[in-house]
Amino acid sequence: MDSVETAWGQDRIAPVCEPRRSFLVNGREPNCQQQEDNDNVEWMLDPTGQALSISHNRDALPDPFCGEIGRRLLLAEMQFSRWVVRRVEKVCFDEDRNVTRRLTVDFNVRDDAPLITDKVGDRFWIVPISLMRRRTLVNMRITDEIGHVLPTPGIRLTQQLDESILLAATVTVEASPAQQEVREFIRKLVAGSREETKAAVALFEGSNGEPSPCLAPLTKSPIVRAVVYLLRRNFSLYVFLPAGTKGKPERRHRLLNLEFSEPTGWRRMSPRMRHLDEGLLYTHDDRPASGARFSQASSWKLRQLGRKLGTSIPAAVGLLPTSIRLQVPGAENAASYHLELTAPAGVEVVRARLLAGRPNEDNRPYTNDRVVGHTATVGLHGVEIPNGSLCQAQIDFRVTSRGWLTNAVFSCALVGVVLLSLSLQASEHAVSWSTGQVTNIIALLITVAAAVGAMIAHSSFTGVAARMVARLRGLAAVAVAQPIVASGALAFADETDSGTSKVRLDETVLAVLWSSTYLAVAVFLLIGSALVFSLNCERRGTKLASPWDMTTDDNSDQQSPTNYRDALREYGFTGPAIGILSAEGWHERYAWTNEKQDSAVGALEGLASGAKGAPLTCNWDRPYTECSVENLCPYLKKLRHDC
């Protein structure tokens with residue numbers, strides 16, 4: 001036990017062990033291959049102590065933790081659908097600025113999941129359950145089946161594990177990854193600051209010239225490129241699952257719950273797809289970056305103006321449904337994916353569609369599920385979505401006809417009728433009115449304005465529904481103000497000179513009365529049109545069941561486009577919509593294929609210690625790495641015993 005305590009007492013920023021195609025053991029290169037299956041090998045690691053130890057040293061970036069662990073974790077992330085049975089995602093609009101996602105992940109812990117033992121003897125599996133964006137997460141909570149909060153590694157330990165993933169990817173390339181320049185590139189890409197990460201990507205891409213000789217072989221590897229661009233913006237979300245004791249292990253079939261919030265700016269986004277030398281670059285918003293050229297910014301502003309006139313303004317006043325586009329990047333991280341969305345109070349789902357597939361591949365199957373028809377809750381389903389897919393859901397909302405919208409239409413109609421009758425009376429039957437008549441008319445107009453204003457202001461809408469009717473409510477307020485404007489015109493009208501209590505209705509007063517009437521009637525027609533469209537959609541709207549719904553023989557909409565990119569255009573995924581960017585990690589470059597997937601998995605599996613002709617798994621090349629476990633490493637023990 002003394003040796004164990006000494007090992008735990010070391011304070012170093014270092015990987016435990018790293019895979020290499022060749023290495024030295026005690027200064028000698030072994031002359032045998034390790035053929036034993038080491039799936040159940042345990043690593044000695046205290047997660048909390050390791051995270052604190054790494055964070056204590058702020059002068060250096062952390063090194064990769066262990067290449068063999070990285071190889072296993074990378075295989076797990078590339079084969080989510082092989083061990084994650086089901087992923088259920090529920091989206092709720094809690095407030096108008098906040099969206100909450102609640103996920104349930106049903107999976108079996110892989111046989112080769114890294115198994116660690118802390119300093120008190122507790123055993124844990126390291127399991128990646130998702131990829132997250134490299135930004136601050138809000139209200140994130142991870143619990144198990146019975147509600148216990150699960151431990152997660154600190155940021156520095158997470159970076160060590162992600163560095164190990166990238167290190168494992170580099171081992172699949174024939175060139176040795178032991179060069180200091182490659183290791184420095186891995187550290188800066190995964191754990192560096194924003195400037196260091198950008199510089200590392202520029203060095204990898206050769207933006208300032210040809211890549212260095214050490215990085216050049218890596219830039220040609222599809223798996224290295226995929227991991228580099230994935231870890232550029234994302235990080236892996238790991239959990240430590242209790243594994244039980246050797247005599248009584250925990251069950252591998254587990255159910256985890258993940259919850260987090262996403263701020264929503266309700267900004268309309270228009271995606272852009274651009275062809276690269278290899279694959280496609282997809283951005284969810286074509287807004288130019290700050291500091292862009294004047295011509296580029298001006299061109300985007302003109303396009304944006306056309307989008308506002310054609311889509312944003314009609315949707316804001318209820319003439320068109322409000323389209324919301326949700327990123328669901330986790331759809332590819334399970335064999336079966338289910339999305340459930342509940343509409344806010346006062347709003348109904350008109351139609352919803354889930355599209356997931358690889359935009360870089362033509363004539364390949366893709367996921368296309370849709371539900372059409374007014375409903376409060378909608379469910380969309382997808383199965384066997386391949387890696388490297390663009391996964392999105394688009395939902396069209398419309399304000400319900402009952403309640404506030406109907407009250408607003410009748411209120412505006414009342415205002416229009418009162419003002420119209422007043423204007424006609426003033427124009428056709430009198431040149432002047434007595435002071436008593438004007439006083440009564442002003443009292444009537446003020447009473448109408450107060451009553452209508454109370455009806456319009458009273459609403460049970462909150463959150464998203466209140467935001468969706470904000471423009472309509474503003475228009476209704478304009479209609480409510482017109483009786484007050486007419487009252488002001490009458491109150492300030494000039495009296496006649498005949499000595500009687502008469503008020504002269506001159507051309508200015510009549511112009512104000514008719515202007516208020518026209519404006520109130522226009523608002524009534526606009527809000528009334530929104531009500532008519534909503535009623536027509538509710539009562540005569542098309543209803544289409546999901547293709548997964550076997551309780552109906554509905555054969556409509558069965559001819560889907562052959563290509564995924566054509567489906568994006570046909571179903572409106574390329575137009576402007578309110579974008580909700582997920583806190584989960586997503587792809588930006590799409591170049592992955594089944595052939596690349598099979599080749600990468602085969603290369604990683606070929607590095608396993610039990611594979612025929614595989615290299616030994618540990619690297620004790622001391623000039624490049626130090627190990628806080630050293631002689632306690634089970635791989636080193638087995639290696640020395642076998643050799």
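This section reports on the structure supplied with the text.

## Considering a nonpolar patch on the surface
Side chains of Leu305, Leu309 and Ile313 sit close together on the surface and give an oily, nonpolar patch of about 300 Å² of accessible area. With respect to the helices and strands, the residue leucine 305 is situated in helix H10 (residues 294–316).

## Thoughts on the packing of aromatic side chains
The full count for this structure, using the stated rule, is nine aromatic pairs. When the ring of phenylalanine 93 is compared with that of tryptophan 266, the centres are 6.5 Å apart and the planes differ by 40°; the resulting orientation is tilted. Here phenylalanine 93 is found in strand S2 (residues 84–95), whereas its partner tryptophan 266 is found in the loop between strand S8 (253–263) and strand S9 (268–269), with 173 residues between them in sequence. Residue class for tryptophan 266 comes out buried when judged on its relative accessible area of 12%. Summarising the aromatic geometry, the rings of phenylalanine 93 and phenylalanine 397 are spaced 5.7 Å apart at their centres and angled 85° between planes, so their arrangement reads as edge-to-face. In this pair, phenylalanine 93 sits in strand S2 while phenylalanine 397 sits in strand S17 (residues 390–399), placing the two residues 304 residues apart along the sequence. Just as phenylalanine 93 is buried, phenylalanine 397 falls in that class too. Following the ring pairs from residue to residue traces out a cluster consisting of Phe80, Trp83 and Phe107. One Lys or Arg, arginine 353, reaches over the ring of tyrosine 571 and ends 3.6 Å from the middle of that ring. We note arginine 589 situated over the ring of tyrosine 229; from NZ or CZ to the ring centre the distance is 4.1 Å.

## Some points on helix H3 (residues 67–78)
The terminal C-alpha atoms of H3, which comprises 12 residues, lie 16 Å apart, in line with the 16 Å expected from a rise of 1.5 Å per residue. With 12 of 12 residues buried, H3 is to be regarded as a mostly interior element. Taken as a whole, H3 has its buried residues at Gly67, Glu68, Ile69, Gly70, Arg71, Arg72, Leu73, Leu74, Leu75, Ala76, Glu77 and Met78.

## Describing the pattern of salt bridges
On inspection of all chains with the given rule, the structure shows 27 salt bridges. For glutamate 278, the salt bridge goes to arginine 225, with nearest N and O atoms at 3.3 Å. On the criterion of sequence distance, the pair formed by glutamate 278 in the loop between strand S10 (272–275) and strand S11 (280–283) and arginine 225 in helix H9 (residues 222–233) is long-range, its members being 53 residues apart. Residue arginine 225 is classed as partly exposed on the basis of its relative accessible area of 21%. Here the salt bridges do not stand alone but share partners, grouping Asp63, Glu184, Arg187 and Lys188 into one network.

## Focus on the packing of helix H2 (residues 47–56) against helix H5 (residues 155–171)
Contact geometry of H2 with H5 gives a least axis separation of 7 Å together with a crossing angle of 95°. With respect to each other, H2 and H5 are oriented roughly perpendicular. Taken together, the residues of H5 that come into contact with H2 (itself represented by Pro47, Gln50, Ala51, Ile54 and Ser55) are Arg156, Leu157 and Gln160. Of the residues contributing to the contact of H2 with H5, the split by class is four nonpolar, three polar and one charged.

## Details of the pairing of S2
Sheet topology places S2 next to strand S3 (residues 98–108); nine bridges connect them, and they run antiparallel. When the bridges of S3 are listed, valine 84 appears paired with phenylalanine 107. Linking two consecutive strands that pair antiparallel, namely S2 and S3, is a turn of two residues. As paired elements, S2 and strand S13 (residues 336–342) share seven bridges and run parallel to each other.

## Things to note about unusual backbone geometry
Positive phi values are uncommon outside glycine, yet asparagine 139 reaches one of about 55°. Within the secondary structure, asparagine 139 sits in strand S6 (residues 138–143). Accessibility expressed as a relative area gives 53% for asparagine 139, which makes it exposed. The phi dihedral of glutamate 384 falls on the positive side, at around 50°, and the residue is not glycine.

## Re H10
The largest bend in H10 comes to about 50°, at lysine 308. All of the buried residues in H10 are Trp300, Gln304, Arg307, Ser312, Pro314 and Ala315. A positive phi of about 85° marks glycine 318, the residue just after H10.

The rules behind the values
- Residues numbered from 1 in each chain as written.
- Predicted model: local features only at pLDDT ≥ 70, side-chain atom pairs only at ≥ 80, totals over all residues.
- Heavy atoms only, no water.
- Patch = residues over 30% accessible without salt bridge, like charges linked within 9 Å, V, L, I, M, F, W, Y side chains within 5 Å.
- Areas by Shrake-Rupley, 256 points an atom, 1.4 Å probe, with all protein chains shown as cover.
- Salt bridge = Lys/Arg side-chain N within 4 Å of Asp/Glu carboxyl O.
- Helix = DSSP H or I, 4+ residues; strand = E, 2+ residues; numbered from the N terminus.
- Phe/Tyr/Trp six-rings, centres within 6.5 Å; stacked < 30°, edge-to-face > 60°.
- Buried < 20%, exposed > 50% of the residue type's maximum accessible area, 1.4 Å probe, protein only.
- Lys NZ or Arg CZ within 6 Å of the ring centre and 35° of its normal.
- Expected span 1.5 Å × (residues − 1).
- Axes fitted to C-alpha atoms, helices over the stretch in contact; angles between N-to-C directions.
- Parallel < 35°, antiparallel > 145°, perpendicular 65-115°, else oblique.
- Contact = heavy atoms within 4.5 Å.
- Nonpolar A, V, L, I, M, F, W, Y, C, P; charged D, E, K, R; others polar.
- Pairing = 2+ DSSP bridges.
- Bend = angle between axes of the 7 residues up to and from the residue.

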